[in-house]
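# Residue-level structural notes
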Amino acid sequence: MRLLPSLRGLAIGGAVLLSLGAGGCASFRGQPEPLEAKTDALAAIKGEYARVKVLPAYEKLLSDKKAAYRNEVAYIWIGASDAQYNAFKASLSREMKGSAFGSALTVLVLNGAAAVSGAEGARALAVGSATVVGASGALNKDVFQDRTISGVISTMDAARTRKLTALRRRLLQETAADFPLGDALTAVSELNDSASLFAAADQIAATAAEAKTAADAEAKTVPATRVALLSPELQAVRVQFKAYVLGLDDASPQLQQLRAALGAANDAQPRELKQNIIDKYVEQATGTEVVNALTAPLKAITGKEFKA
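None of these values were measured; they are calculated from a predicted model. (Residues numbered from 1 in each chain as written. Predicted model: local features only at pLDDT ≥ 70, side-chain atom pairs only at ≥ 80, totals over all residues. Heavy atoms only, no water.)

### Considerations on the overall build of the protein
Tallying secondary structure elements over the protein gives twelve helices and zero strands in all. The N-to-C order of helical and strand elements in the protein reads α-α-α-α-α-α-α-α-α-α-α-α. Out of the 308 residues belonging to the protein, those deemed buried represent 36%. Residue pairs at least 24 apart in sequence account for 69% of intrachain contacts in the protein once pairs closer than 6 positions are excluded. Summed over all atoms, the accessible surface of the protein reaches about 17000 Å², with 57% contributed by carbon and sulfur. (Helix = DSSP H or I, 4+ residues; strand = E, 2+ residues; numbered from the N terminus. Buried < 20%, exposed > 50% of the residue type's maximum accessible area, 1.4 Å probe, protein only. Contact = heavy atoms within 4.5 Å. Areas by Shrake-Rupley, 256 points an atom, 1.4 Å probe, with all protein chains shown as cover.)

### A look at the packing of aromatic side chains
Using the criterion set out here, one finds four aromatic pairs in the structure. Centroid distance Phe241 to Tyr281: 4.1 Å. Interplanar angle 25 degrees. Geometry classified as stacked. Placement of the pair is Phe241 in helix H9 (residues 232-247) and Tyr281 in helix H11 (residues 270-284), with a sequence separation of 40 residues. Like Tyr281, Phe241 is buried. (Phe/Tyr/Trp six-rings, centres within 6.5 Å; stacked < 30°, edge-to-face > 60°.)

### Here we look at the pattern of salt bridges
Applying the stated criterion to the full structure yields seven salt bridges. One salt bridge connects Lys66 with Glu59, and the closest N-O pair in it is separated by 3.9 Å. With its nearest N and O atoms 2.9 Å apart, the salt bridge here joins Arg160 to Asp82. Of this pair, Arg160 sits in helix H6 (residues 137-173) while Asp82 sits in helix H3 (residues 63-96), and the two are 78 residues apart along the sequence. Given the relative accessible area of 5%, Arg160 is considered buried. Relative accessible area serves as the criterion here: at 26%, Asp82 is assigned to the partly exposed category. (Salt bridge = Lys/Arg side-chain N within 4 Å of Asp/Glu carboxyl O.)

### Details of the environment of Leu230
Secondary-structure assignment places Leu230 in the loop between helix H8 (197-219) and H9. A C-alpha to C-alpha distance of 7.1 Å links Leu230 and Thr286, two positions 56 residues apart in sequence. For Leu230, the contacting residues outside a window of four places in its chain are Gln235, Arg238 and Thr286.

### Here we look at the side chain of Gln254
Within the element layout of this structure, Gln254 appears in helix H10 (residues 254-262). We classify Gln254 as buried; its relative accessible area is 19%. Within the local environment of Gln254, its side chain forms a polar contact with the backbone oxygen of Ile301, the two atoms lying 2.9 Å apart. Beyond its immediate chain neighbours, meaning those up to four positions away, Gln254 contacts Tyr244, Leu248, Ile301 and Thr302. (Polar contact = N/O pair within 3.5 Å; in protein donor to acceptor, adjacent residues only side chain to side chain.)

### Quick notes on the packing of helix H2 (residues 51-60) against helix H7 (residues 181-189)
The N-to-C vectors of H2 and H7 enclose an angle of 150 degrees; their axes lie 10 Å apart at closest approach. The pairing of H2 with H7 is recorded here as roughly antiparallel in orientation. Across from Arg51, Val54, Leu55 and Tyr58 in H2, the residues of H7 making contact are Leu181, Gly182, Leu185, Thr186 and Ser189. Residues of the contact of H2 with H7, tallied by class, amount to five nonpolar, three polar and one charged. (Axes fitted to C-alpha atoms, helices over the stretch in contact; angles between N-to-C directions. Parallel < 35°, antiparallel > 145°, perpendicular 65-115°, else oblique. Nonpolar A, V, L, I, M, F, W, Y, C, P; charged D, E, K, R; others polar.)

### A look at the confidence of the model for the protein
Mean pLDDT for the protein: 74, with 67% of residues reaching 70 or above. In this model, residues 1-28 is a region of pLDDT below 50 whose contacts with residues beyond four sequence positions or in other chains number 49 contacts. Across residues 37-41, where pLDDT falls below 50, the model places three contacts with residues more than four positions away in sequence or in other chains. (pLDDT = per-residue confidence, 0-100.)

### Observations concerning the environment of Ala264
Assignment of secondary structure puts Ala264 in the loop between H10 and H11. For Ala264, a relative accessible area of 6% puts it in the buried group. Between the C-alpha atoms of Ala264 and Ile277, which are 13 residues apart in sequence, the distance is 5.5 Å.

### Re H10
Each α-helix turn comprises 3.6 residues. Residues three or four places apart therefore point the same way. For H10, the full list of buried residues reads Gln254, Leu255, Leu258 and Leu262. For H10, the angular spread of buried residues about the axis comes to 105 degrees, placing them on one side. Buried residues in H10 make contact with H9, H11 and helix H12 (288-302). Phi turns positive, to about 75 degrees, at Gly263, one or two residues after H10. (Arc of directions from axis to C-beta.)

Have a look at this one:
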């Protein structure tokens, strides 16, 4: 039985197959051929180790001999499967050099991520897909295509390795009665089914969604803080007051008067005292009403009107 990609993978996969067909790559399947399809590269499992030959031979064996024979045949099939998968990856890399296929694959991955990224993310990634299709060839190859193919192949490798590991574990641990040769050969045939462009794009999209969910959860662990934005008028008043205080003579009695009016900390050093006055004013002058309320008492001291 073949492994089917998810509905999302099928949906986005249909779009890329149309693109591949339009670009001259209609024969490219998006995953390795069935294990017994290429007789030139897989002669072993079409000859002595063909299914029609090994299954009858297996049934004639004594029960204590079946597991060893099952494993022998299964690993020969695994070797053939490995060879076919490596040939598929080499073919994929060659096809990637074509701009039509490269763009289609990149759009497949971007659209897959868009499908799981929420409304805003989907719009952004959809724009990204259009950009890839319409961008220059150099941009497609250098920025998107080369990185896309690397990510897709790594994802396919990981999926296939997981299935192969599970299969090897069954061959090691299970008896021939629990895992007969026919089931083992079916499992080998399904190894490469998990290594498809559609499944890889689907997994990349799912991983992106998981990363976004984790990032959102982490963001919620930090309390939100908001900084009030000051109007240009308030900023101007602050700058004006700061310039006035810094321009006062160190011995000016206005420094102590301003300190008292604002409730700033005292300091024997004029430089520090001026900074305390400025800091206190900035701390209080966060809105037009506060600034204007300070206008009268400050004008009484300075003769100047600090008003927003």
